[in-house]
Amino acid sequence: MDSVLSALHEVPGVTATMVFDGSGRLALHKGHAMYDRALCEHVCGVLVKAIDAVQLEQEEWDAITAQFADGKILLHNLGSAHALAVVTDAALSPTFSTVAMRVAVSKLKKGIEKGTLTGITPVSQPGVMPLAQPAARPSSGPEAAAFLTRCVKELARYVGPISKLYVKEGVGRVCAGAPFTMAVAERLIEDLAQQIDLGDRGALRAALVKGA
């Protein structure tokens, strides 16, 4: 499928293209000299976090455009837990890019669905790109799962819809690679409390202790 990415690079203004999965693993990439694999992998890791935040509001998404000083990053959901990122500069032609992106996305989706793209394995939910998981597994047992759900709900009062991401990152910090259990619930409560304003910490602790 290098030909698909090569076709995108024929569009004036396109500087890099990447196909990556929900964990940020780079599957395909093509770009100008500065966009080596290491840089592209770093970019994909950052983009996964942005997609996580979007999916907290809208689980099924199609396209995202991010503007920066010298250009844009165009993101398209390829299904099967993969996305296409196209980095562009100010020379990008909106008319040409729209057509080229539509063709590229269509071909990549078909390649993923048919399993013909090297390094890409389709998953069972073609319309959803799963949220990137922290080092720790989310939970161990129904009580722990219910507590984490409560953490997300209560924390949302202070940080809004990104509370799910805060909780996932908190689990990663307090569990250090192990599954979350109620044995570390108090540590997670304190970790989450540290993420919000000082004046709100007592209320959050009180609400979560009830469920612990």
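Values in this document were obtained by computation on a predicted structure and should not be read as measured data.

Right, let's talk about the environment of L28 for a bit. Following the sequence through the fold, L28 ends up in strand β2 (residues 26–31). Separated by 56 residues in the primary sequence, L28 and L84 place their C-alpha atoms 9.2 Å from one another.

The next point concerns the sheet that holds strand β3 (residues 63–68). Within the open sheet, the 5 strands sit side by side as β2-β1-β5-β4-β3. Their pairing is antiparallel. With one partner strand each, in any of the chains shown, β2 and β3 form the two edges of the open sheet. The sheet shows a mean angle of 15° between the axes of neighbouring strands, direction not considered. With 8 bridges connecting them, strand β4 (residues 71–79) and strand β5 (residues 82–89) associate as antiparallel partners. Pairing of G71 across the sheet is with D89, part of β5. Against the sheet, helix α3 (residues 94–114) engages β1 (14–21), β4 and β5, with an angle of about 35° to β4.

Our next topic: the confidence of the model for the chain. Averaged over every residue, the pLDDT of the chain is 82; residues scoring 70 or more account for 83%. Mean pLDDT values over the elements of the chain span from 80, in helix α2 (residues 37–57), up to 95, in helix α6 (residues 185–193). Note on residues 122–128: pLDDT is under 50 here. Beyond four places in sequence and across chains, it has 14 contacts. Low pLDDT, under 50, characterises residues 130–137; the stretch is placed with 28 contacts to residues that sit more than four places away or in other chains.

Rules behind the numbers
- Residues numbered from 1 in each chain as written.
- Predicted model: local features only at pLDDT ≥ 70, side-chain atom pairs only at ≥ 80, totals over all residues.
- Heavy atoms only, no water.
- Helix = DSSP H or I, 4+ residues; strand = E, 2+ residues; numbered from the N terminus.
- Pairing = 2+ DSSP bridges.
- Axes fitted to C-alpha atoms, helices over the stretch in contact; angles between N-to-C directions.
- Contact = heavy atoms within 4.5 Å.
- pLDDT = per-residue confidence, 0-100.

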